[in-house]
Amino acid sequence: DQQVKQNSPSLSVQEGRISILNCDYTNSMFDYFLWYKKYPAEGPTFLISISSIKDKNEDGRFTVFLNKSAKHLSLHIVPSQPGDSAVYFCAASGHSGTYKYIFGTGTRLKVLA
Amino acid sequence: SQTIHQWPATLVQPVGSPLSLECTVEGTSNPNLYWYRQAAGRGLQLLFYSVGIGQISSEVPQNLSASRPQDRQFILSSKKLLLSDSGFYLCAWSGKNIQYFGAGTRLSVL
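Residues numbered from 1 in each chain as written. Chains lettered and ligands numbered in written order. Predicted model: local features only at pLDDT ≥ 70, side-chain atom pairs only at ≥ 80, totals over all residues. Heavy atoms only, no water.

S.K.: Explain the overall build of chain A to me, please; I cannot follow it from the model alone.
M.R.: Of regular secondary structure, chain A possesses zero helices and 11 strands. What you see in chain A, going N to C, is helices and strands ordered as β-β-β-β-β-β-β-β-β-β-β. For 113 residues, the compact-globule estimate of 2.2 N^0.38 gives 13 Å, and chain A sits close to it at 13 Å. With the C-alpha coordinates of chain A rotated into their principal frame, the extents come out at 40 × 30 × 20 Å. The buried share of chain A, reckoned over its 113 residues, is 45%. When contacts within chain A are restricted to residue pairs at least 6 apart in sequence, those whose partners lie at least 24 apart make up 55%. Summed over all atoms, the accessible surface of chain A reaches about 5600 Å², with 49% contributed by carbon and sulfur. Distance between charge centroids for chain A: 3 Å, based on 12 positive and 9 negative side chains. (Helix = DSSP H or I, 4+ residues; strand = E, 2+ residues; numbered from the N terminus. Rg over C-alpha atoms; globule rule 2.2 N^0.38 Å. Buried < 20%, exposed > 50% of the residue type's maximum accessible area, 1.4 Å probe, protein only. Contact = heavy atoms within 4.5 Å. Areas by Shrake-Rupley, 256 points an atom, 1.4 Å probe, with all protein chains shown as cover. Lys, Arg positive; Asp, Glu negative; His and termini not counted. Charge placed at Lys NZ, Arg CZ, Asp CG, Glu CD.)

S.K.: Help me understand the interface of chain B and chain A, please; the structure alone is not making it clear to me.
M.R.: Interfaces are often sized by the amount of accessible area the parts lose when they come together. Facing 21 residues of chain B, the contacting portion of chain A comprises 19 residues. Across the chain B/chain A interface, buried area totals approximately 1600 Å², and carbon plus sulfur atoms make up 61% of it. For chain B, the biggest contributors to the area lost against chain A are Leu44, Asn97 and Ile98 of chain B; these three give 32% of the whole. Taken together, chain B and chain A are joined by one salt bridge. For glutamate 59 of chain B, the salt bridge identified is with lysine 100 of chain A, shortest N-O distance 3.3 Å. Only strand E4 (32-38), strand E5 (44-52), strand E9 (87-95) and strand E10 (98-101) of chain B provide two or more residues apiece to the side of chain B that touches chain A. When the residues that make up the side of chain B that touches chain A are grouped by side-chain class, the tally is 12 nonpolar, seven polar and two charged. (Buried area = accessible area lost by both parts, 1.4 Å probe. Salt bridge = Lys/Arg side-chain N within 4 Å of Asp/Glu carboxyl O. Nonpolar A, V, L, I, M, F, W, Y, C, P; charged D, E, K, R; others polar.)

If you want it as structure tokens, here you go:
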């Protein structure tokens, strides 16, 4: 059972426009969420996080929104740049002390110049 | 600052051969450590995690094992590799809710 889902395997966006990547989860105990960016043959790089006590977190061009009632989070990238082309993973964790995260299957973003 | 080292970057092994992948973390003590696998076209699957020396939890039944002989060393092993063990293996450590990943090892079992 996939507890964290990224239903769009790929997304193409024009340079300068907004990229919106979505993530849904099923476990209401999840209380901390991460977004990662991954280039081929490299490890994922941490982008931004959000705690369940917030509904928005911003860091530069990246903003994550959390809708707890819908069990949905999204990552907005504005403006999108060609260097943003990568696979993006969302991850969710509950209070366990082990910081175990469940990862989605990823969305491949392509930013077109 | 903290860094994580993972090697080798690429490995080609025959079916039935043993495996040892090593991961070390610098700049932090008593980190939680993790091994993940990313199969082709798939997400990240947690294989093992460790909260301390000698403490290993397995997340999925498989042909692999993990060990933590030292505080900042995490080893992924197999006695006999299967074709299905091919994939991209990632080591990670966690600090303050965030997991930080190594560069990964591409394992091809032929």
